[in-house]
Amino acid sequence: LPTYSRSQADMQYFYVNGRMVRDKVVTHAVRQAYADVLYHGRHPAYVLFLEMEPAGVDVNAHPGKHEVRFRQSRSVHDFIFRAIHKSLAEVKQGDAAAHAAQHFANDKFVSAPAEATATEAAAAPAYSQQRMPLSTPRQALRQGVAEQSRAYQAFMQPILDNAQTVTDAAQKDAPPLGYALAQLHGIYILAQNAEGLVLVDMHAAHERITYERLKQSYEQQAIQSQPLLVPETFAVSEKEADFAESHRDMFSELGFTVDRTGPQTLKLREAPVMLADGDLETLLRDVLADLIQHGESQRIREQINEILSTMACHGSVRANRKLTVPEMNALLRDMEATERSGQCNHGRPTWIQISIDELDKLFMRGQ
């Protein structure tokens, strides 16, 4: 899961036909597959087993047999990318839900020294109990007991009514994220499911939903290109020029029209509409380098997705916006139907699960 990420790439294992190896093509494919769901600077933890025809891989590429060379590296890259990308998209709400919060920063505690100072030990618990400011008798008398009672009842009655409805429904067939109970500080949605309590960051969740819908809409139209008012010409190596000339169709699929105008010169005539105002020369050079090294490039898609992500962020529900219970439940149902909804566009968790057992431990019930 993306939430089980690491601060360093120390839990990544790849096997080809039972042999543990390291390979840049595979590392690149995995990184691309996680690009849309992983927090910046984090690394996924994984164990991958790839089985293929022995003739398709050269195991003698390294004296220590730690590296291999694939006969068709692009096919291997594409297969691994698609397989992981599909698996991440199919992760349903409720899969390993209890670990969504703990695993996100798990390595921070694993790597800590065995002996902690008193200050560190005091700061270790994830939950802390703060002093609750109680009204003094003088304040209570001044405000009036009857007035306090009416205000409390007016505030709590809708929540209590909805809580009873949720409790009855949760005992039946509750969906993975359950039913909304209330909204906390205009930021979080509190919901109850069969496991216990679900906390949802409503902006992060709605941001992912909007982002996935924008991507789906954009992909259905393919990458739209537009001619440049002034075509850009830039110098490349002869190898790069040869590659660009022989792979014009590949560039066209990415939204570029590139012509070779000399032994070491390329001219860019068309570019993707959404990227026309960017640094096209740098982008094209990076795409060219990716295609030569890996046989595939996701840079166009990454930059388009970055723009769509910004649009989704600005178009999502903001903090401190009051949502009704039906609106909160609609958001929960949309999350359950959206791919990769466990993380926002920036890789932050959108929801966490707190089980009944964890709540009992907080209040020392049954101890």
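For clarity, every value in this text was computed on a predicted model and none was experimentally measured.

## Concerning the overall build of the protein
Link 1 in the chain: Counting its secondary structure elements, the protein contains 13 helices and 14 strands.
Link 2 in the chain: Out of the 367 residues in the protein, the part that is buried amounts to 37%.
Link 3 in the chain: Surface accessibility of the protein: about 22,200 Å² in total, with carbon and sulfur atoms responsible for 53%.

## Section: the sheet that holds strand E8 (residues 179-184)
Link 1 in the chain: Ordered by their spatial adjacency, four strands build an open sheet running E8-E9-E10-E14, and the pairing between neighbours is antiparallel. What marks the edges here is a single partner per strand, and that holds for E8 and strand E14 (351-355). If you compare each strand with its neighbour and ignore which way they point, the axes differ by 25 degrees on average.
Link 2 in the chain: Bridging between strand E9 (residues 188-192) and strand E10 (residues 196-201) involves five bridges; their strand directions are antiparallel. Bridge pairing in E10 places Leu190 opposite Leu199.
Link 3 in the chain: Where helix H7 (residues 202-220) meets the sheet, its contacts fall on E8, E9 and E10, and the angle it forms with E10 comes to roughly 70 degrees.
Link 4 in the chain: Sitting on the sheet, helix H12 (residues 325-336) is in contact with E8, E9, E10 and E14, with an inclination near 115 degrees to E8.

## Points about the nonpolar core
Link 1 in the chain: By size, the foremost hydrophobic cluster in this structure holds 26 residues, and its most contacted members are Phe251, Phe256, Val258, Leu266, Leu268 and Leu284.
Link 2 in the chain: Elements with a minimum of two residues in this core: H7, strand E11 (225-235), helix H8 (238-246), helix H9 (248-253), strand E13 (265-272), helix H10 (280-294) and helix H11 (299-315).
Link 3 in the chain: Setting aside residues up to four positions removed in sequence, Phe251 forms contacts with Ala244, Phe256, Val258, Leu284, Val287, Leu288 and Leu291.
Link 4 in the chain: With 21 residues, the next largest nonpolar core counts Val21, Ala29, Val68 and Leu88 among its residues.

## A short note on the sheet that holds E11
Link 1 in the chain: Spatial ordering of the open sheet is given by E11-E13-E12, a layout of three strands whose pairing is antiparallel. Of all the strands in the sheet, the pair left with one neighbour each is E11 and strand E12 (257-262). Between one strand axis and the next, the sheet turns through 20 degrees on average, direction left out of account.
Link 2 in the chain: Examined bridge by bridge, E11 and E13 share seven bridges and lie antiparallel to one another. For Gln226, the partnering residue across the bridge sits in E13 and is Ala271.
Link 3 in the chain: Packing of H8 onto the sheet brings it into contact with E12 and E13, and relative to E12 it is tilted by some 130 degrees.

## Side note on the packing of H7 against H12
Axes are the key here: two packed helices are described by the angle between their axes and the distance separating the axes.
Link 1 in the chain: As a packed pair, H7 and H12 sit with axes 10 Å apart at the nearest point and diverge in direction by 50 degrees. Considered as vectors, H7 and H12 are oriented oblique to each other. Helix-helix and strand crossings are classified by hand; for H7 and H12 the assignment is left-handed. Mapping the contact onto sequence places Met202, Ala205, His206, Ile209 and Arg213 in H7 and Leu331, Asp334 and Met335 in H12.
Link 2 in the chain: Its residues assigned to classes, the contact of H7 with H12 comprises five nonpolar, one polar and two charged.

## Notes on H12
Link 1 in the chain: In a regular helix each residue adds 1.5 Å, so 12 residues correspond to 16 Å; H12 covers 17 Å between its end C-alpha atoms and thus fits that length.
Link 2 in the chain: Those residues of H12 that sit buried are Met328, Asn329, Leu331, Leu332 and Met335. Around the axis of H12, the buried residues are gathered within 155 degrees of arc, so they sit on the same side.
Link 3 in the chain: Contacts from the buried residues of H12 go to E8, E9, E10, H7 and E14.

## Let's talk about unusual backbone geometry
Link 1 in the chain: Phi is positive for Asn17, close to 50 degrees, though the residue is something other than glycine.
Link 2 in the chain: Along the chain, Asn17 turns up in the loop between strand E2 (12-16) and strand E3 (19-21).

## So, the confidence of the model for the protein
Link 1 in the chain: Across the protein, the average pLDDT comes to 76, with 74% of residues at or above 70.
Link 2 in the chain: This model gives residues 93-132 a pLDDT under 50, and the stretch forms 35 contacts once residues within four places in sequence are excluded.

Calculation notes
Residues numbered from 1 in each chain as written. Predicted model: local features only at pLDDT ≥ 70, side-chain atom pairs only at ≥ 80, totals over all residues. Heavy atoms only, no water. Helix = DSSP H or I, 4+ residues; strand = E, 2+ residues; numbered from the N terminus. Buried < 20%, exposed > 50% of the residue type's maximum accessible area, 1.4 Å probe, protein only. Areas by Shrake-Rupley, 256 points an atom, 1.4 Å probe, with all protein chains shown as cover. Pairing = 2+ DSSP bridges. Axes fitted to C-alpha atoms, helices over the stretch in contact; angles between N-to-C directions. Contact = heavy atoms within 4.5 Å. Core = buried A, V, L, I, M, F, W, Y, C linked by side-chain atoms within 4.5 Å. Parallel < 35°, antiparallel > 145°, perpendicular 65-115°, else oblique. Left-handed = near helix turned anticlockwise from the far one by under 90°. Nonpolar A, V, L, I, M, F, W, Y, C, P; charged D, E, K, R; others polar. Expected span 1.5 Å × (residues − 1). Arc of directions from axis to C-beta. pLDDT = per-residue confidence, 0-100.

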